[in-house]
Amino acid sequence: MNMSFYSAAVGAYQQQLRMNVQSQNIANINTQGFRCERAAFGELMNRNVDGLNGERLPKGTGARMIHAPIDFTPRGFKETGLTFDFAINGDGFFALFDPATQEISFTRDGSFEMNEYLVAPPEDAEPELDEEGNPIEPEETSVWRLSDNQGRCVLDPQGNFIVIDPENRDAELDIGVFDYAIHYGMQHADGSRLLATDLNGQLYLGTGQVMRGLLEMSNTDLTQEFIKVIESQRAFGYCLKMVTTTDEIETTFNNLRG
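*Asks:* Which parts of the structure should I look at to understand the environment of isoleucine 230?
*Replies:* Along the polypeptide, isoleucine 230 turns up in helix 2 (residues 222-257). Separated by 211 residues in sequence, isoleucine 230 and methionine 19 place their C-alpha atoms 9.7 Å apart.

Here's what the structure looks like:
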């Protein structure tokens, strides 16, 4: 295959991947606590390359999008005055526990609410007896917990659920702030939620301070994103022009042979 054709085809596809990153950032410009991604490119090598343990490294001509690391630069806060809106001043994340999947995720979006959950009695609890001495079937009890708008429970510094008294909603809440020494490698789940990976190291209590009645804004810069969209569009057009030109050259060569 003609190298120029291959380079142009690879370049067009990689610019499409870059556009996907930018569109995701723009779509979440109003998502509280969202952290945008930055597309990073690397040069492809036009020869066979063996990596560690016999792993085949990417090869070819042109460039490819290596990864899209998350930009953790803070943007600012907006005041809401709502009882269950929280923001972190400094480093760290809120921890969310999903009762359905047992998944723990992290977020800077503190737009929480109080939800009712049914809790089964502990297995080692003493059974209650009726007047005839027969055991009474234990019933589930309801508790109110601090959670996000999708039922995930917010954790305190000890990793426990935060229980709310419905009669005293303005009481101080001990919300946990957690952090990793290395943020590189964290992955977006959905919205502003993040999932940790092995690259992040050990989890520890963060140093950020929780502020009530505030929400952190998205750090997406719409101006910069539009500039990158224009760059991607022009690069995509140049790649398509190279494909067309290469095709014309090949056609000319084939005609000369005939």
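*Asks:* Help me understand the pattern of salt bridges in this model?
*Replies:* Two side chains that carry opposite charge are able to pair once their charged atoms sit near each other. Overall, the coordinates contain ten salt bridges when judged by the stated rule. Between arginine 18 and glutamate 231 there is a salt bridge whose closest N-O contact spans 3.0 Å. In this pair, arginine 18 is assigned in helix 1 (residues 3-27) and glutamate 231 in helix 2, connecting sequence segments 213 residues apart. Connected through shared salt-bridge partners, Asp98, Glu103, Asp148, Arg152, Asp190 and Arg193 make up one network.

*Asks:* It is not clear to me how helix 1 should be interpreted in this structure. Could you clarify?
*Replies:* Each turn of an α-helix holds 3.6 residues, which means side chains three or four residues apart point in the same direction. In this model helix 1 runs 36 Å from its N-terminal to its C-terminal C-alpha over 25 residues, within 8% of the 36 Å that 1.5 Å per residue would give. Along helix 1, the residues classified as buried are Ala8, Val10, Gly11, Ala12, Gln14, Gln15, Arg18, Val21, Gln22 and Asn25.

*Asks:* What am I meant to see in the sheet that holds strand 15 (residues 209-212) here?
*Replies:* Sheet strands associate in pairs through backbone hydrogen bonding, adopting either a parallel or an antiparallel arrangement. As summarised here, the arrangement of the three strands in space is 7-4-15, forming an open sheet in which the pairing is antiparallel. For this open sheet the edge positions go to strand 7 (110-111) and strand 15, each flanked by a neighbour on one side alone. Judged from the four bridges that link them, strand 4 (residues 85-89) and strand 15 form a sheet pairing that is antiparallel. From the neighbouring strand, alanine 87 faces strand 15, where its bridge partner is methionine 211.

*Asks:* Sorry, what's going on with the nonpolar core here?
*Replies:* Inside soluble globular proteins, nonpolar side chains tend to come together where they are buried. Grouped together as the largest cluster of nonpolar side chains are 14 residues, with contacts concentrated most on Phe84, Phe86, Phe112, Leu146, Val154, Leu173 and Ile175. Listing elements by their share of this core, those giving two or more residues are strand 4 and strand 5 (94-97). Residues in contact with phenylalanine 84, not counting those within four places in the same chain, are Gly110, Ser111, Phe112, Glu113, Met114, Leu146, Ile164, Arg169, Leu173 and Arg212. Among the nonpolar cores identified, the runner-up in size contains ten residues, and Ala95, Leu155, Tyr180 and Leu194 belong to it.

*Asks:* Mind showing me how you'd approach unusual backbone geometry here?
*Replies:* Outside of glycine, negative phi angles account for most residues, and trans bonds account for most peptide bonds. Phi is positive for glutamine 102, which is not a glycine, with a value near 65°. By secondary structure assignment, the location of glutamine 102 is in the loop between strand 5 and strand 6 (104-107).

*Asks:* Please explain the side chain of threonine 246 as it appears in this structure.
*Replies:* Looking at the element boundaries, threonine 246 is found in helix 2. You can call threonine 246 buried: its relative accessible area is 7%. Here methionine 242 takes part through its backbone oxygen, which lies 2.8 Å from a polar atom of the side chain of threonine 246.

Reading guide: rules and limits
Residues numbered from 1 in each chain as written. Predicted model: local features only at pLDDT ≥ 70, side-chain atom pairs only at ≥ 80, totals over all residues. Heavy atoms only, no water. Helix = DSSP H or I, 4+ residues; strand = E, 2+ residues; numbered from the N terminus. Salt bridge = Lys/Arg side-chain N within 4 Å of Asp/Glu carboxyl O. Expected span 1.5 Å × (residues − 1). Buried < 20%, exposed > 50% of the residue type's maximum accessible area, 1.4 Å probe, protein only. Pairing = 2+ DSSP bridges. Core = buried A, V, L, I, M, F, W, Y, C linked by side-chain atoms within 4.5 Å. Contact = heavy atoms within 4.5 Å. Polar contact = N/O pair within 3.5 Å; in protein donor to acceptor, adjacent residues only side chain to side chain.

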